[in-house]
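Structural features, examined
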Amino acid sequence: MCGVQANSASGMHVNDECKLKFLELKAKRTYRFIVFKIDEKAQQVQIEKLGNPEETYDDFTSSIPDDECRYAVYDFDFTTEDNCQKSKIFFIAWSPDTSRVRSKMLYASSKDRFKREMDGIQVELQATDPSEMSLDIIKGRLNL
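Observations regarding the layout of surface pockets
The probe, sized like a water molecule, is rolled over the atoms to show the empty space still left. In this structure, the largest pocket occupies an estimated 190 Å³ of space. Together, K37, I38, E40, D67, E68, C69, R70, S99, R100, S103, L106 and Y107 line the largest pocket. Counting residues per element, the ones that place at least two in the lining of the largest pocket are β2 (33-39) and α4 (101-117). Ranked by residues supplied to the lining of the largest pocket, first place goes to α4 with 3 residues. Looking at the lining of the largest pocket residue by residue, the classes come out as 4 nonpolar, 2 polar and 6 charged.

See below:
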């Protein structure tokens, strides 16, 4: 308990693999999404799941547990009105109402440090319910 409180001001340590895989998603488009979880015992953020480029948004949302907090990044492809292919990297802080209070506090206090480590996030979403991160919400944030 003390270790978590001592770290809470600056957030949990972000495992180097998290940064490496995020760079691969951003630069090489090796992954469609990455789901991250905080390992309280190890005192760090770690990768829980890597989504292949051909996976869909539904595959992504089904990779996130219903009742536990997670961080996630999703590389969203879209076409503009001018018919240009683009993509934006979304950061989603998933903190469902049904998750433990301690977990919500831990994820909330570590979010800023995590985002600083993931240079290249373009859009942020905070979600407590699946409807708050639906595909319509994602498109709405891009004015599509």
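Moving on, there is more to tell.
With respect to the pattern of salt bridges
All told, the structure shown has 14 salt bridges when counted by the stated rule. With a closest N to O distance of 3.1 Å, E117 and K19 form a salt bridge. Within this pair, whereas E117 is found in helix α4, its partner K19 is found in helix α2 (residues 16-28), the two being separated by 98 residues in sequence. With a relative accessible area of 27%, E117 lands in the partly exposed category. The closest approach of N and O atoms between R70 and E48, which form a salt bridge, is 2.8 Å. Of this pair, R70 sits in strand β4 (residues 70-79) while E48 sits in strand β3 (residues 44-51); the two residues are 22 residues apart in sequence, bridging distant segments of the chain. What makes R70 buried here is its relative accessible area of 5%.

A word on the packing of aromatic side chains
Where two aromatic rings form a pair, the distance of their centres and the angle of their planes describe that pair. According to the stated counting rule, one finds 13 aromatic pairs in the structure shown. Seen in terms of ring centroids, F33 and Y74 are 6.4 Å apart; in terms of plane orientation they differ by 15°. Their pairing is stacked. Residue F33 is located in strand β2, and its partner Y74 is located in strand β4; the two are separated by 41 residues in the primary sequence. Taking the centre distance of 5.7 Å and the plane angle of 40° together, the rings of Y71 and F91 count as tilted. Residue Y71 is found in strand β4, and its partner F91 is found in strand β5 (residues 85-94); the two are separated by 20 residues along the sequence. For the pair shown, Y71 and F91 are each scored as buried.

Conventions we followed
In this convention, every chain numbers its residues from 1, walking through the sequence in written order. Local features in this predicted model are restricted to residues whose pLDDT is 70 or higher, and side-chain atom pairs enter the listing and the counts only when it is 80 or higher, whereas totals over whole chains, interfaces and linings include all residues. Side-chain figures throughout are based on the complete set of non-hydrogen atoms in the structure, without hydrogens or water. Definitions used throughout: a 1 Å grid over protein atoms alone; a cavity as a set of points that fits a 1.4 Å probe which cannot get out; a pocket as an open set with protein on both sides within 12 Å along at least five of seven lines; a lining residue as one with an atom within 4 Å of a point. Grid points are joined across faces, edges and corners, and a volume is the space filled by probe spheres set on the points. By definition, any uninterrupted DSSP run of H or I lasting at least four residues is a helix, any uninterrupted run of E lasting at least two residues is a strand, and each is numbered from the N terminus. Gly is put with the polar residues, along with every residue not named as nonpolar or charged; the nonpolar set is Ala, Val, Leu, Ile, Met, Phe, Trp, Tyr, Cys and Pro, and the charged set is Asp, Glu, Lys and Arg. We define a salt bridge as a side-chain nitrogen of Lys or Arg found within 4 Å of a carboxyl oxygen belonging to Asp or Glu. Only protein chains enter the accessibility calculation, which uses a 1.4 Å probe; a residue whose area is less than 20% of its type maximum is buried, one above 50% is exposed, and one in between is partly exposed. Aromatic rings from Phe, Tyr and Trp, taking only the six-membered ring of Trp, are treated as a pair when their centres fall within 6.5 Å; an angle between ring planes under 30 degrees marks them as stacked, one over 60 as edge-to-face, and anything in between as tilted.

On their own, these measurements won't tell you what the molecule is for.
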